[in-house]
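Residue-level listing of the chains:
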Amino acid sequence: MCTVTSSDFPAPSGTQYEISHGAHRATVAEVGAMVREYSVDGRDVFVPFGRDDVAPVFNGAVLVPWPNRLRDASYTVDGTRYELAQSEADRSNALHGLACWTRWSLVSHSDSAVTLELALPAQKGWPFQLVTQARYSLSDAGLEVVVTTRNVGAGTAPYGVGFHPWLSAGGADLDECTVQLDATTHVTVDERLLPTGTEPVAGQYDLAAERSLEGLDLDDAWVDVTRDADGLSWCRLGCPDGRTPAVWMDESMDCWQVCSANHIPHFLRAGLAAEPMSCVADAFNTGERLVHLAPGDVHEVRWGATLL
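A. Structural context of the overall build of the chain. Looking only at helices and strands, one finds one helix and 28 strands in the chain. Whereas a compact globule of 308 residues would reach a radius of gyration of roughly 19 Å, the chain reaches 18 Å, a difference of no more than 12%. In terms of overall dimensions, the chain has a C-alpha envelope of 55 × 50 × 40 Å along the principal axes. The proportion of buried residues among the 308 residues of the chain is 55%. Contacts in the chain between residues far apart in sequence, at least 24 positions, make up 65% of those at least 6 positions apart. Element-wise, carbon and sulfur atoms account for 48% of the exposed surface of the chain, whose accessible area totals about 12,500 Å².

This is the structure in structure tokens:
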């Protein structure tokens, strides 16, 4: 049966919603609707974090209403400029949206699935109103995530969505692992990790074929994804134990961010972020792949993970 865990004092990650199917186990946290842990036969697919910990690097978070970075924490809609908090202060950017550190509400919970909802209110720098539902389910195929967002306000909202799972090396050093990514175009960036253009994959950014992660320093985006016969684009982490944790996305998204955590204190190369996204950084300003959600509009994306 489905399990909810709590205590007299709320954990920093909130109420825990456990789901399972066969060898697959996952825990989704109330705060940020984060996948706090996901394993198959006891082997971690995602790098977990403790129930009583704050997620160290947005582990398994839903990134709405924008993924990645927003230049100068500002954007303009219909001639009005909006200012947000600079949550990435060292680069003067706003990072990963507004939903990561809020408590999501439970919609439904069964043995193998849980759905959480966030009604994102209008606030300083964000005059729009969105309702997002995230459904997590387990099956023989692994973890599937469907996220649906509806604009319940009066204005047309700029919108993007992304996710932040960290693939687990199973205790190995990341330099002992390999990476493979289904994408053919690399997004170039400036010193603030904001996009400057694109280029065909080459050198260390050509991950189309499996290659060693030894010496690779990645915090980059890719577009022009390729897909298998099922319409899925994949990022795979090959590990010394012979297992391959992997993330996929369907046609609802067409951007990847991959990060090796080389410059993240306390998390140095502890896993590989494989982030499916609907747009790359700074889409609110560049307009690239930006969704415009009119009142009543609904946007839905689908992705998942498994252990190969």
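Moving on from the coordinates now.
B. Examining the sheet that holds strand β11 (residues 105-109) more closely. The strand order across the open sheet built from nine strands is β11-β12-β13-β14-β28-β24-β23-β18-β21, with neighbouring strands paired in antiparallel fashion. In this open sheet, the two strands that pair with only one neighbour each are β11 and β21 (211-212). As paired elements, strand β24 (residues 245-249) and strand β28 (residues 298-307) share five bridges and run antiparallel to each other. Residue P245 lies in a different strand from β28, and its bridge partner there is L307.

C. View of the pairing of strand β9 (residues 80-83). Of the strand pairs in this sheet, strand β8 (residues 74-77) and β9 are connected by four bridges, and their pairing is antiparallel. From the neighbouring strand, Y75 faces β9, where its bridge partner is Y82. What sits between the antiparallel neighbours β8 and β9 is a turn of two residues, in which D78 has the positive phi angle 50 degrees.

D. Molecular detail of the nonpolar core. Residues Y38, F46, W126 and Y136 are the most contacted members of the largest nonpolar core, which totals 74 residues. For W126, the residues in contact, after removing those within four places along its chain, are P65, Y75, L84, L98, L120, P121, A157, P158 and F284. By size, the runner-up hydrophobic cluster in this structure holds eight residues, among which are A55, L63, L95 and C100.

E. Structural detail: the environment of V298. Structurally, the position occupied by V298 is in strand β28. With 168 residues separating them along the chain, V298 and L130 place their C-alpha atoms 9.7 Å apart. In this structure V298 touches T148, T149, R150 and L293, once residues within four positions along its chain are discounted.

F. Geometry of the pattern of salt bridges. All chains considered together, the criterion is met by 16 salt bridges. Between R43 and D241 there is a salt bridge; the shortest N-O distance is 3.0 Å. Taken together, the positions of R43 in strand β5 (residues 43-44) and D241 in the loop between β23 (233-238) and β24 put the pair 198 residues apart, joining distant regions of the chain. Judged by its relative accessible area of 42%, D241 falls in the partly exposed class. The shortest N-O distance in the salt bridge between R302 and D250 comes to 3.4 Å. Remark: D250 occurs in the loop between β24 and β25 (255-259) and R302 occurs in strand β28; sequence separation between them is 52 residues.

G. Geometry of the environment of R236. Note that R236 resides in strand β23. Of the residues examined, R236 reaches a relative accessible area of 24% and is grouped as partly exposed. For the pair R236 and G287, spaced 51 residues apart in the sequence, the C-alpha separation amounts to 29 Å. Discounting residues that sit within four places of it in the chain, R236 has contacts with T178, V179, Q180, D182, T244, P245, A246 and L308. A polar contact of 2.5 Å, which involves the side chain of R236, links it to the side chain of Q180.

H. Focus on the packing of aromatic side chains. The full count for this structure, using the stated rule, is 12 aromatic pairs. Their ring planes at 70 degrees and their centres at 5.6 Å tell us that Y38 and F46 sit as a pair that is edge-to-face. Each member of the pair, Y38 as well as F46, is classed as buried. Pairing W126 with F128 gives two aromatic rings, centres 4.8 Å apart and planes at 70 degrees, and the pair type is edge-to-face. The exposure classification of W126 matches that of F128, with both residues buried. Among the aromatic residues, those joined into a cluster by ring pairs are W66, Y75, Y82, W126, F128 and F284.

I. Summary view of unusual backbone geometry. P65 follows V64 through a cis peptide bond whose omega is 5 degrees. One can find P65 in the loop between β6 (62-63) and β7 (69-71). The phi dihedral of F58 is positive, around 60 degrees, even though this residue is not glycine. When you line up the elements, F58 lands in the loop between β5 and β6. The phi dihedral of A73 falls on the positive side, at around 55 degrees, and the residue is not glycine. In this fold, A73 is placed in the loop between β7 and β8.

What counts and how
Residues numbered from 1 in each chain as written. Predicted model: local features only at pLDDT ≥ 70, side-chain atom pairs only at ≥ 80, totals over all residues. Heavy atoms only, no water. Helix = DSSP H or I, 4+ residues; strand = E, 2+ residues; numbered from the N terminus. Rg over C-alpha atoms; globule rule 2.2 N^0.38 Å. Buried < 20%, exposed > 50% of the residue type's maximum accessible area, 1.4 Å probe, protein only. Contact = heavy atoms within 4.5 Å. Areas by Shrake-Rupley, 256 points an atom, 1.4 Å probe, with all protein chains shown as cover. Pairing = 2+ DSSP bridges. Core = buried A, V, L, I, M, F, W, Y, C linked by side-chain atoms within 4.5 Å. Salt bridge = Lys/Arg side-chain N within 4 Å of Asp/Glu carboxyl O. Polar contact = N/O pair within 3.5 Å; in protein donor to acceptor, adjacent residues only side chain to side chain. Phe/Tyr/Trp six-rings, centres within 6.5 Å; stacked < 30°, edge-to-face > 60°.

What is shown is where atoms sit, not what they do.
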